[in-house]
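# Chains, contacts and geometry: an overview
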Amino acid sequence: MHDARVPLRLANSRTRLLETEDRGRQEIERDLHDGAQQRFLSLTLTLQLAERLVARGEIEKGATVLREAMDGLEAGLQELTELVGGIQPETLRNAGLAAALEEIAARAATPVALNLTLNRSFDEPVELAAYFLVSEAIANVIKHSGARRAGVVAAVRRNYLQVVVADDGRGGADPRAGTGLRGLADRVSALGGTFFVDSPAGVGTILTALLPADRRR
């Protein structure tokens, strides 16, 4: 059995994080090319058709094609919004970390209790790391842990943002057995923080991250 409390200080975490971000950028470029770009090219052709119909005096047909283009534009904008959301979630960008964590809890299939003491903002990379840590941890709780409930604590501890995600599931999570927890550890480590996993079999799992609250200082 692995140690119940494992500090993850991985010398090559920054390299793995950069490789992961490179793959993420490639996926975004592919999604743009195969999805949004093709949709907007199609919209251009549709608008050109509408222009020709109007020029020929076929106003009613032109109006119908324009309505189709408007529907396509709305769908395309929604697709772009979802794509950008994968880079930086809209709620985090517009309303802050506390609201973004509340949104994660609200949409989770497993009940998630929140205890947030966040009376200030943080550097963007810190908030993103905290958000994605909670988001992926809750996703893992739902998919793998068999937990009946989970909890999230986020608070400022001196010069650190502490984020804790706990569940009452089957436990036994080993960061050395897969890339999910390792990826979270890499993100935290790249910011100069510390990440711990406490997951005794049959008891549940507690993930704890300490992120420098002010990386510029």
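As a starting point, this report considers the structure included with it. (Residues numbered from 1 in each chain as written. Predicted model: local features only at pLDDT ≥ 70, side-chain atom pairs only at ≥ 80, totals over all residues. Heavy atoms only, no water.)

### So, the overall build of the protein chain
When helices and strands are tallied, the protein chain shows 6 helices and 6 strands. Starting at the N terminus and walking to the C terminus, you meet the elements of the protein chain as β-α-α-α-α-β-α-β-β-α-β-β. When the 217 residues of the protein chain are sorted by exposure, 38% land in the buried category. When contacts within the protein chain are restricted to residue pairs at least 6 apart in sequence, long-range pairs at least 24 apart make up 69% of them. (Helix = DSSP H or I, 4+ residues; strand = E, 2+ residues; numbered from the N terminus. Buried < 20%, exposed > 50% of the residue type's maximum accessible area, 1.4 Å probe, protein only. Contact = heavy atoms within 4.5 Å.)

### Points about the pairing of strand S3 (residues 150-157)
With 6 bridges joining them, strand S2 (residues 112-117) and S3 adopt parallel strand pairing. Each residue of the ladder has a partner; that of leucine 114, found in S3, is valine 152. Regarding the hand of the β-α-β motif, the stretch spanning S2, helix H5 (residues 124-145) and S3 is left-handed. By the bridge criterion, 8 bridges tie S3 to strand S4 (residues 160-167) in an arrangement that is antiparallel. Bridging across to S4, arginine 157 finds its partner in tyrosine 160. Two successive antiparallel strands, S3 and S4, enclose a turn made up of 2 residues, where arginine 158 displays a positive phi of approximately 55°. (Pairing = 2+ DSSP bridges. Right-handed = clockwise from strand over helix to strand, strands pointing away.)

### Notes on the pattern of salt bridges
The tally for this structure, following the rule as stated, stands at 5 salt bridges. The partner of glutamate 58 in a salt bridge is arginine 56, and the shortest N-O contact between them spans 2.9 Å. For glutamate 58, a relative accessible area of 25% gives the class partly exposed. Here glutamate 103 makes a salt bridge to arginine 107, at a shortest N to O gap of 3.5 Å. Placement of both glutamate 103 and arginine 107 in helix H4 (residues 97-107) is noted, with a separation of 4 residues, approximately one turn of the helix. The exposure class assigned to glutamate 103 is partly exposed, which follows from its relative accessible area of 32%. Within the structure, one salt-bridge network assembled from shared partners comprises Arg56, Glu58 and Lys61. (Salt bridge = Lys/Arg side-chain N within 4 Å of Asp/Glu carboxyl O.)

### Quick notes on H4
Three or more residues of H4 are buried, namely Leu97, Ala100, Leu101, Ile104 and Ala105. Looking straight down H4, one finds its buried side chains confined to an arc of 140°; they lie on one side. In H4, the exposed positions angled more than 90 degrees off the buried face are occupied by Ala106 and Arg107. Buried residues along H4 sit in contact with helix H3 (90-95), S2, H5, S3 and S4. (Arc of directions from axis to C-beta.)

### A word on the nonpolar core
Leu97, Leu133, Val134, Ile138, Leu161, Phe195 and Leu211 are the most contacted members of the largest nonpolar core, which totals 38 residues. Sorting the residues of this core by element identifies H4, H5, S3, S4, helix H6 (179-190), strand S5 (194-198) and strand S6 (205-212) as the ones contributing at least two each. Element by element, the count of residues in this core is highest for H5, at 10 residues. Apart from the residues within four sequence positions on either side, leucine 133 is in contact with Val163, Val165, Leu184, Val188, Phe195 and Ala209. (Core = buried A, V, L, I, M, F, W, Y, C linked by side-chain atoms within 4.5 Å.)

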